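Secondary and tertiary structure notes
Chain by chain, the residues run as shown.
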Amino acid sequence: MSAQALFQPFHLGSLVLSSRIVMAPMTRSFCPGGVPNAQVVEYYRRRAGAGVGLIITEGTTVGHKAANGYPDVPRFHGEDALAGWKRVVDAVHGEGGKIIPQLWHVGSVRKLGTEPDPSVPGYGPMQKVKNDNVVVHGMSHADIAEVVAAFAQAARDAQAMGMDGVEIHGAHGYLVDQFFWEGSNQRTDEYGGSMANRARFAVQIIQAIRAAVGPDFPIILRFSQWKQQDYSARLAQTSEALAEFLQPLCDAGVDIFHCSTRRFWEPEFEGSDLNLAGWTRKLTGKPTITVGSVGLDGEFLQFMVDTDKVAQPASLENLLARLGREEFDLVAVGRALLVDPDWAAKVREGREQDILPFSREALSSLT
């Protein structure tokens, strides 16, 4: 099938993309002090210049004391960090691309000793005490309001600097997802219990962002069934449960759902070939982004440990067939783009034989 389907424009309100290829958010940890530098600017510029329609940045932390969980990840607050992101935006726009930040709070994943203030524990739905130390602070209503406000301020700053929308990181067992998942949320107040209650925190973030940026600024929500704490976890066991999960988020103002899976070709529920993005599009009518080992013959979990394995370029035929059936609207590419900034151009020009394979070594530098 023709790869030109990936290079058709996409329109959604004010968001106009030159291709259906999205750069997936990937934590790179090359921002000392949380500030994107010239190397980061060039990293994103190169992908936009090669034909990526939309860049979703690596996770960038909102302005809350417990938002960060790792060294050298970027911030989306503070004049220095925002000035760094403005340089990224200008470079991407200079190449004709579009870019949005992924707004991130790691929640209970944060460990004591983590920068910027090592005394601050993780924040999460439930308190956790170990050896008489509070290692996870169970969030009060005031804490929740504070974090909601931090997301809204980050979105306001993104709009002011010329970003093309925002993505809320609601996946992979980080804070928003910790509220979604009953495995990490056993609260007995209005934020726990039913699926609608567990979605309330995310709904409030979405509503606050929408109030901050107005009706025309795109809001994307990334969600996943799996969690880094439990790769077999599922928010929704059936399509009916998925519909119940998605509806409040739609009503709150999500424009696009980014449906994170480990392998895009796997069906989400028995009795249908639709993947998670396909089911989400069918149930909501909203545009969706599919993701999961696109363009590679090995999925990412193989590379979460020290390994000499190499993921070779893989056929896009299955992906293109699904895109042609309008199972989803956009395609997020992760490791294939991380290792080869010219991946999109090579696909467009039929130079698949020139695409670089992915190995763990690619994680050690920005290319």
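Right, let's walk through the structure included here. (Residues numbered from 1 in each chain as written. Predicted model: local features only at pLDDT ≥ 70, side-chain atom pairs only at ≥ 80, totals over all residues. Heavy atoms only, no water.)

1. Topic: helix α8 (residues 276–284)
Those residues of α8 lying buried are Leu276, Ala277, Gly278, Trp279 and Thr280. At its buried positions, α8 is contacted by β10 (219–227), α7 (239–252), β11 (256–260) and β12 (288–291). Glycine 285, located one to two residues past α8, shows a positive phi value of around 75°. (Buried < 20%, exposed > 50% of the residue type's maximum accessible area, 1.4 Å probe, protein only. Helix = DSSP H or I, 4+ residues; strand = E, 2+ residues; numbered from the N terminus. Contact = heavy atoms within 4.5 Å.)

2. Regarding the environment of threonine 114
Along the polypeptide, threonine 114 turns up in the loop between β5 (98–104) and β6 (122–124). Each C-alpha atom, one on threonine 114 and one on threonine 61, is 13 Å from the other, the two residues being 53 residues apart in sequence. In contact with threonine 114, other than residues within four places in its own chain, are Asn68, Gly69 and Tyr70.

3. Describing the packing of helix α1 (residues 38–49) against helix α2 (residues 79–94)
Interaxial distance between α1 and α2 falls to 8 Å at its minimum, and their mutual angle equals 25°. Classified by the angle between their axes, α1 and α2 sit roughly parallel to one another. In terms of crossing hand, the pair formed by α1 and α2 is right-handed. Facing α1, whose interface residues are Val40, Val41, Tyr44, Arg45 and Ala48, α2 presents Gly84, Trp85, Arg87, Val88, Ala91 and Val92. Residues of the contact of α1 with α2, tallied by class, amount to 8 nonpolar, 1 polar and 2 charged. (Axes fitted to C-alpha atoms, helices over the stretch in contact; angles between N-to-C directions. Parallel < 35°, antiparallel > 145°, perpendicular 65-115°, else oblique. Left-handed = near helix turned anticlockwise from the far one by under 90°. Nonpolar A, V, L, I, M, F, W, Y, C, P; charged D, E, K, R; others polar.)

4. What to know about the pattern of salt bridges
By the definition in use, this model includes 17 salt bridges. The shortest N-O distance in the salt bridge between arginine 325 and glutamate 327 comes to 3.8 Å. Since its relative accessible area comes to 55%, arginine 325 is described here as exposed. In this structure, glutamate 349 and arginine 351 form a salt bridge, with 2.8 Å as the shortest nitrogen-oxygen distance. Among the residues examined, arginine 351 registers a relative accessible area of 28% and is labelled partly exposed. Salt bridges linked by common partners bring Arg348, Glu349, Arg351 and Asp354 together as one network. (Salt bridge = Lys/Arg side-chain N within 4 Å of Asp/Glu carboxyl O.)

5. Overview of the pairing of strand β9 (residues 166–172)
Within β9, 7 of the 7 residues are buried, which leaves it mostly tucked inside the rest of the structure. With 2 bridges connecting them, β5 and β9 associate as parallel partners. By the bridge assignment for β9, leucine 103 is matched with isoleucine 168. Relative to β10, β9 runs parallel, the two sharing 6 bridges. Bridge pairing in β10 places histidine 169 opposite arginine 222. (Pairing = 2+ DSSP bridges.)

6. Focus: the environment of valine 147
Within the element layout of this structure, valine 147 appears in helix α3 (residues 141–161). In this structure, the C-alpha to C-alpha distance between valine 147 and tyrosine 231, residues 84 residues apart in sequence, is 26 Å. If we skip the residues at most four places from it in the chain, valine 147 touches His64, His105, Met139, Leu175 and Phe201.

7. Some words on the packing of α3 against helix α6 (residues 200–213)
For the pair α3 and α6, interaxial distance at closest approach is 8 Å and the crossing angle is 35°. Seen along the crossing, α3 lies across α6 with a hand that is right-handed. Side by side, α3 and α6 meet where Ile144, Val147, Val148, Phe151, Ala152, Ala155, Arg156 and Gln159 of the first sit next to Phe201, Gln204, Ile205, Ala208, Ile209, Ala212 and Val213 of the second. Considered class by class, the residues forming the contact of α3 with α6 number 12 nonpolar, 2 polar and 1 charged.

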